[in-house]
2 protein chains.
Amino acid sequence: MWFHVDPSDGLPIYMQIINQIKRATANGLLKAGDQLPSVREMAVQLTVNPNTISKAYQELERDGIIKTSRGIGTFVAEKEIKIVYEERTKEMMAAIDRLLVEAHHLGFSRDEVFKLLEDRIKDWKVSDK
Amino acid sequence: MWFHVDPSDGLPIYMQIINQIKRATANGLLKAGDQLPSVREMAVQLTVNPNTISKAYQELERDGIIKTSRGIGTFVAEKEIKIVYEERTKEMMAAIDRLLVEAHHLGFSRDEVFKLLEDRIKDWKVSDK
DNA sequence: AAATGTGTACTACAAGAGTAGTACACTAAT
DNA sequence: ATTAGTGTACTACTCTTGTAGTACACATTT
């Protein structure tokens, strides 16, 4: 599998794994039901301790992104939104605000952000199939 | 001044301060040249150690958001974008991707994100004056 | 030169994060 | 029952983070 990790990235290993899996499920590379590599398999491949992988998997499970069963394996979960509407929206707006603040300090106007997002979404769509 | 801090927030105190100042400069509450409270003043007001404030100010200065002079005080910096275009754009796209991944896991479609951002930008604009 | 207001350096310490080693526990197949 | 595959608990160690205490250094005003 296409996981890779850079120990000197600053970002902790288990975080890098989490990010990759989140992205993969977000863009369809990983679909509900897909089995992930076992903690040992992945640990060997990345030359990392099994617990590090386990930690990533545990956090992903807490977020409801994967489902893991002892002795069986770890799988991408069925998508089910559990949080209530207001909560979701609140979090989403907070995320958007963070983006806008960051954009401002990178020197982008809000309209530019809008445009960039528009383009990006189009890109995602075509690669969607 | 309107700074406030919650020690039990999980987010470290100096980060909370950084965020508030970043936001304030991003939405115009703080403008270039405005003086910030001295480290001591703010430390007393928030019942926190001066070094904690200092750490926040240092990080903000590294980001070019404020300008500080020993014995004088700390001020909001003139906006000057130092990073080259490609770098800025790269970071911005990364931020947008992070937002889209987060949105997906919150159960928002990309079009919904688009719509929310559109609304949000409109809001910012009217409160712009 | 003294006083007062500014930011800072140095030190220390408690708490937590990150990873690894090792041994255990569950499940399915043989 | 055994085996081979899975995830996990426990422990320990290192390194970093976050904050505080204290003392210092610079700038301006008097």
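Since the model is a prediction, treat every value here as computed from it, not as a measurement.

Visitor: It is not clear to me how the sheet that holds strand 3 (residues 73-76) of chain B should be interpreted in this structure. Could you clarify?
Guide: Paired through their backbone hydrogen bonds, the strands of a sheet run either parallel or antiparallel. Residues and elements named next belong to chain B. Here we have three strands laid out as an open sheet, ordered 1-3-2, and antiparallel in their pairing. Lying at the two open borders of the sheet, with one neighbouring strand each, are strand 1 (35-36) and strand 2 (66-69). Both strand 1 and strand 3 contribute to a ladder of two bridges, which runs antiparallel. Bridge assignment links L36 to a residue of strand 3, and that residue is T74. The strands that helix 3 (residues 50-62) touches are strand 1, strand 2 and strand 3; relative to strand 2, the one it contacts most, it runs at about 120 degrees.

Visitor: Got a minute to help me understand empty space enclosed by the protein in this structure?
Guide: Gaps left between atoms are located by rolling a probe of water-molecule size over the structure's atoms. Tallying each qualifying case throughout the model produces one cavity of 30 Å³ or more. Roughly 40 Å³ of internal volume is contained in the largest cavity. What lines the largest cavity is A:L100, A:A103, A:H104, A:F108, A:S109, A:R110, A:V113 and B:W124. Looking at the lining of the largest cavity, the elements with two or more residues in it are helix 4 (85-105) and helix 5 (110-126) of chain A. For the lining of the largest cavity, the element with the highest residue contribution is helix 4 of chain A, accounting for three residues. Of the residues in the lining of the largest cavity, the class split is five nonpolar, two polar and one charged.

Visitor: What is the right way to read the pairing of strand 2 of chain B from this model?
Guide: Along any regular strand, the residues point their side chains to alternate faces of the sheet. Residues and elements named next belong to chain B. Here strand 2 pairs with strand 3 via four bridges, running antiparallel. Bridge pairing links K67 to F75 in strand 3. The loop that links strand 2 with its antiparallel partner strand 3 comprises three residues; one of these, G71, has a positive phi angle of about 75 degrees.

Visitor: What should I look at first to understand the layout of surface pockets in this one?
Guide: As a volume, the largest pocket reaches approximately 1800 Å³. Every residue lining the largest pocket is counted, 46 residues in all, and those nearest its centre are A:R98, A:E102, B:R98, B:L99 and B:E102. At the level of elements, helix 1 (13-26) and helix 4 of chain A together with helix 1 (13-26), helix 3 and helix 4 (85-106) of chain B are the ones that each hand at least two residues to the lining of the largest pocket. Across the lining of the largest pocket, the residue classes tally to 20 nonpolar, eight polar and 18 charged.

Visitor: Just checking my understanding: could you explain the domain arrangement of chain A for this structure?
Guide: By a frequent convention, interface size equals the accessible area lost on bringing the separate parts together. Domain parsing of chain A yields domain 1 (7-76) and domain 2 (85-126). Inter-centroid distance (C-alpha atoms) of domain 1 of chain A to domain 2 of chain A is 27 Å.

Visitor: I keep staring at the packing of aromatic side chains and nothing clicks. Help me out?
Guide: Two descriptors summarise a pair of aromatic rings, namely the distance from one centre to the other and the angle between the planes of the rings. Taken as a whole, this structure holds one aromatic pair over all chains when the rule is applied. Look at A:F114 and B:F114: their rings are 4.9 Å apart centre to centre, the planes differ by 15 degrees, and that puts the pair in the stacked class. Of this pair, A:F114 sits in helix 5 while B:F114 sits in helix 5 (residues 110-126), placing the two residues on different chains. For the cation-ring pair, A:K55 lies above A:Y14, with the distance from its terminal atom to the ring centre recorded as 4.4 Å.

Rules used throughout
Residue positions are given per chain, counted from 1 along the sequence in the order it is written. Note on labels: chains are lettered from A, ligands numbered from 1, in written order. Local features in a predicted model are, by the rule used here, given only for residues with pLDDT of at least 70; side-chain atom pairs are given and counted only at 80 or more, and totals for whole chains, interfaces and linings are based on all residues. Just so you know, side-chain values use all the structure's heavy atoms and leave hydrogens and water out. For two strands to count as paired, DSSP must find a minimum of two bridges between them. Every helix listed is a DSSP run of H or I at least four residues long, and every strand listed is a run of E at least two residues long, numbered separately from the N terminus. We call two residues in contact whenever any of their non-hydrogen atoms come within 4.5 Å of each other. Each axis is a line fitted through C-alpha atoms, taken for helices only over the stretch in contact, and angles between the N-to-C directions span 0 to 180 degrees. Points on a 1 Å grid over protein atoms alone make up a cavity when a 1.4 Å probe fits among them but cannot get out, and a pocket when they form an open set with protein on both sides within 12 Å along at least five of seven lines; lining residues each have an atom within 4 Å of a point. Grid points are joined across faces, edges and corners, and a volume is the space filled by probe spheres set on the points. Note that Gly is not counted as nonpolar here; it falls among the polar residues with everything else outside the nonpolar set of Ala, Val, Leu, Ile, Met, Phe, Trp, Tyr, Cys and Pro and the charged set of Asp, Glu, Lys and Arg. Domain ranges listed in this record stem from an automatic or a database domain assignment. Any Phe, Tyr or Trp ring, taking Trp's six-membered ring, that has another such ring centre within 6.5 Å forms a pair; planes under 30 degrees apart are called stacked, those over 60 apart edge-to-face, and the others tilted. Lysine and arginine charges are scored as sitting over a ring when NZ or CZ, respectively, is within 6 Å of the ring centre and within 35 degrees of the ring normal.

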